[in-house]
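Chain residues, written in single-letter form:
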Amino acid sequence: MSMDLDPDEVFRDDEDDPESEFFKERDATKELLVYLVDASPKMFSTTCPTREKKNLQDLSGVYVFNVPEREDLDRPTARVIKEFDRIEERFDKEIGSKYGIVPGSRENSLYNALWVAQALLRKGSAKTADKRILLLTNEDDPFGNLKGVIKVDMMRTTLQRAKDAQDLGIAIELLPLSRPDDEFNVSLFYADLLGLEGDDLAQFKALVGERFEDLKDHLRKRMFKKRRVRRLRFVIFNGLSIELNTYALIRPTNPGTITWLDSMTNLPLKTERSFICADTAAIIQEPPKRFQSYKNENVMFSVNELSEVKRVSTGHLRLLGFKPLSCLKNYHNLKPATFVFPSDEEVIGSTCLFVSLHRSMLRLKRFAVAFYGNSSHPQLVALVAQDEIMTPSGQVEPPGMHLIYLPYSDDIRHVEELHTDPNSVPHATDDQIKKASALVRRIDLKDFSVCQFANPALQRHYAVLQALALDEDEMPEIKDETLPDEEGMARPGIVKALEEFKLSVYGENYEEEDSNIDGKAEPSKKRKANAMKEYANYEWADLADNGKLKDLTVVELKYYLGAHNLPVTGKKEALISRILTHMGK
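First things first, this report covers the structure right here in the doc.

Definitions and limits used
Residues numbered from 1 in each chain as written. Predicted model: local features only at pLDDT ≥ 70, side-chain atom pairs only at ≥ 80, totals over all residues. Heavy atoms only, no water. Helix = DSSP H or I, 4+ residues; strand = E, 2+ residues; numbered from the N terminus. Buried < 20%, exposed > 50% of the residue type's maximum accessible area, 1.4 Å probe, protein only. Contact = heavy atoms within 4.5 Å. Areas by Shrake-Rupley, 256 points an atom, 1.4 Å probe, with all protein chains shown as cover. Phe/Tyr/Trp six-rings, centres within 6.5 Å; stacked < 30°, edge-to-face > 60°. Pairing = 2+ DSSP bridges. Axes fitted to C-alpha atoms, helices over the stretch in contact; angles between N-to-C directions. Salt bridge = Lys/Arg side-chain N within 4 Å of Asp/Glu carboxyl O. Lys, Arg positive; Asp, Glu negative; His and termini not counted. Polar contact = N/O pair within 3.5 Å; in protein donor to acceptor, adjacent residues only side chain to side chain. Patch = residues over 30% accessible without salt bridge, like charges linked within 9 Å, V, L, I, M, F, W, Y side chains within 5 Å. Parallel < 35°, antiparallel > 145°, perpendicular 65-115°, else oblique. Left-handed = near helix turned anticlockwise from the far one by under 90°. Nonpolar A, V, L, I, M, F, W, Y, C, P; charged D, E, K, R; others polar.

## Some remarks on the overall build of the protein chain
A tally of regular secondary structure across the protein chain gives 17 helices and 16 strands. Relative to its full complement of 585 residues, the protein chain shows a buried share of 28%. Long-range pairs, those at least 24 residues apart, make up 65% of the contacts in the protein chain between residues at least 6 apart in sequence. If you sum the accessible surface of the protein chain, you get close to 40,800 Å²; carbon and sulfur atoms cover 52% of it.

What follows is the structure in structure tokens.
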């Protein structure tokens with residue numbers, strides 16, 4: 001007797017299908033992308049003759065940027081960025097332009113361009129690299145000037161060249177750019193090249209207007225692929241365990257670490273640490289040992305022995321039991337959760353057992369409590385099952401479990417403990433709760449996502465680096481999307497809800513401008529005044545120029561941040577980076 005626990009194959013890995021052996025984009029370790037930009041006169045306001053071609057195949061009508069040193073594009077340098085920034089002024093003087101395909105000539109520039117792009121993507125196999133060609137053009141009928149047998153033959157060979165590239169695992173994408181007086185008609189030629197028909201063609205046409213804006217947004221974002229972070233062994237009970245893969249869904253992006261440079265050579269400095277004997281002043285070559293005094297004797301421990309003594313967890317995930325979902329509160333989530341998914345790569349049958357556990361947890365509305373962590377930070381975690389969410393356009397949320405890191409007991413502080421007298425605890429009235437709820441409903445952001453807003457401090461940090469690296473006279477303007485929407489907040493409905501809430505809480509005689517209570521300044525103003533006073537005792541510009549900010553304590557660094565109303569959270573390196581960014585250094 002056999003039972004298929006996953007009849008819909010929602011947990012099936014693509015590797016289980018022998019027919020999908022060639023297409024393994026989700027396992028790709030790198031992304032290779034060629035931007036194929038049409039440079040015919042229709043893309044420009046002026047027309048100039050072609051003066052230069054540049055490609056390894058020496059084909060006419062194709063100019064490839066950065067061929068001899070294209071490896072630099074994997075990690076762009078300031079020189080490469082500056083050279084690319086000046087390609088527009090170089091184009092009219094050196095490269096030039098011509099109509100892509102003209103009558104009376106068998107020269108097929110689109111065919112040549114696809115051939116060159118395919119050659120640029122020859123490195124790496126489809127199993128290890130995600131290869132794409134992004135074609136940008138406003139010419140919807142590249143063979144429109146041709147007629148008869150010549151047109152049919154050139155279209156056929158071009159479509160075959162595109163199919164050959166796709167058969168090698170290279171995806172071809174189109175970014176159509178409509179001209180002011182003419183709408184791009186993808187059905188004339190490119191629908192056949194991309195293999196679009198029926199609903200796919202209709203959906204492509206509907207999303208044409210949004211694709212270019214999305215591309216501009218993505219170019220200024222640091223994108224992270226959803227790749228496996230690590231492999232875990234999930235111990236169900238003694239003798240039975242399954243294999244899980246973990247994925248980081250969302251993480252904060254921080255500025256790069258500070259690299260200290262030699263003031264004379266401008267080369268990176270390498271930090272080394274040596275142990276010196278207190279008696280002989282000789283450098284100790286042997287690994288250091290620790291000791292613990294016990295009964296008037298020093299018991300010696302090696303570093304490895306101490307690691308074993310401190311080890312309380314093997315790094316695996318061990319199931320402890322189950323609890324109702326109602327026991328899991330929002331404030332139990334200390335940091336971004338980790339997504340887990342089964343894998344049969346090493347432990348056969350992991351998916352089958354995971355599916356059974358996953359379905360039972362969904363049906364019984366339970367979450368699993370497990371022990372997880374390394375030797376330095378062991379902790380309890382909650383495994384919450386997530387069902388698959390599908391829409392007509394595809395999968396929105398995959399099935400699996402979220403690994404939520406639970407707090408220790410002293411991480412949770414009860415508000416009641418701050419008030420010795422229960423009668424003195426302030427409580428909101430029913431009217432105040434009603435007015436607050438009405439205000440929240442008015443200012444609620446629909447379909448909110450943290451990915452909709454950029455970190456303004458991080459954007460400014462990279463804008464300063466860009467200006468310095470490219471030797472720009474002006475720093476790019478940074479739009480702070482986290483600032484309040486003044487125009488939206490001025491709508492009559494929101495203003496009315498806000499005034500009603502203030503009236504219910506503070507009453508009619510409340511004066512918003514009064515910042516003093518019983519003759520005492522507010523604590524925040526005290527901190528601000530203290531920061532301003534201490535700030536004046538330091539030569540901040542000299543400290544920054546001489547690399548001496550690292551010698552200050554965290555408290556001292558916060559004097560600068562507090563005086564300029566900057567955030568004071570984060571580690572020491574983050575505080576220094578924030579100060580240097582604010583100073584424009």
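## Observations concerning the packing of aromatic side chains
Evaluation of the coordinates by the stated rule reveals ten aromatic pairs. Centroid distance Tyr-538 to Trp-540: 5.1 Å. Interplanar angle 40°. Geometry classified as tilted. The same class applies to Tyr-538 and to Trp-540, which are both buried. Ring pairs connect the aromatic residues Tyr-535, Tyr-538, Trp-540, Tyr-559 and Tyr-560, which therefore count as one cluster.

## Observations regarding the sheet that holds strand E3 (residues 170-176)
Pairing in this open sheet of three strands is parallel, and the strands run E1-E2-E3 from one edge to the other. Each having just a single partner strand, strand E1 (30-37) and E3 make up the two edges of the open sheet. Each strand axis lies, on average, 20° off the axis of its neighbour in the sheet, ignoring direction. In terms of strand pairing, strand E2 (residues 129-137) meets E3 through seven bridges, oriented parallel. For Leu-136, the partnering residue across the bridge sits in E3 and is Leu-175. Its contacts with the sheet place helix H3 (residues 109-120) against E1, E2 and E3, and it is angled at close to 160° to E1.

## Topic: the pairing of strand E6 (residues 290-294)
In this sheet, strand E7 (residues 297-301) lies alongside E6 in antiparallel orientation, the contact comprising five bridges. Among the inter-strand pairings, Gln-292 is bridged to a residue of E7, identified as Val-299.

## With respect to the pattern of salt bridges
Overall, the coordinates contain seven salt bridges when judged by the stated rule. A salt bridge links Asp-153 to Arg-156; its shortest N-O distance comes to 2.7 Å. Of this pair, Asp-153 and Arg-156 both sit in helix H4 (residues 148-167), three residues apart, which is roughly one turn of that helix. With relative accessibility at 51%, the residue Arg-156 sits in the exposed group. In this structure, Asp-431 engages Lys-435 in a salt bridge whose closest nitrogen and oxygen atoms are separated by 2.8 Å. Of this pair, Asp-431 and Lys-435 both sit in helix H10 (residues 430-443), four residues apart, which is roughly one turn of the helix. Residues joined in a network through salt bridges with shared partners are Arg-231, Glu-243, Glu-345 and Glu-346.

## Considerations on the sheet that holds strand E8 (residues 317-324)
On the basis of which strands lie adjacent, the closed barrel formed by seven strands has the order E4-E5-E9-E14-E11-E10-E8 and mixed pairing. On average, each strand axis in the sheet is tilted by 40° relative to the strand beside it, whichever way the strands run.

## With respect to the side chain of Lys-131
In this fold, Lys-131 is placed in strand E2. The side chain of Lys-131 is buried and forms no salt bridge, while Asp-130, the nearest opposite charge, is found at 9.7 Å. Polar contacts involving the side chain of Lys-131 include one to the main-chain carbonyl oxygen of Leu-121, which spans 2.8 Å.

## Re a nonpolar patch on the surface
On the surface, Leu-249, Ile-250, Leu-445, Phe-448, Val-450 and Phe-453 cluster together to form a nonpolar patch covering roughly 540 Å² of accessible area. In this fold, Phe-453 is placed in the loop between H10 and helix H11 (456-469). A relative accessible area of 34% places Phe-453 in the partly exposed class.

## Focus on the packing of H11 against helix H17 (residues 572-583)
Relative placement of two packed helices is described by the angle separating their axes and the distance separating the axes. Two elements in contact, H11 and H17, have axes separated by 10 Å at closest approach and are oriented at 60°. Classified by the angle between their axes, H11 and H17 sit oblique to one another. The handedness of the crossing between H11 and H17 comes out as left-handed. Where H11 approaches H17, its residues Ala-457, Arg-460, His-461 and Val-464 are matched on the opposing element by Ser-577, Thr-581 and His-582. Of the residues contributing to the contact of H11 with H17, the split by class is two nonpolar, four polar and one charged.

So far we have only geometry, and geometry alone does not tell us how the molecule works.
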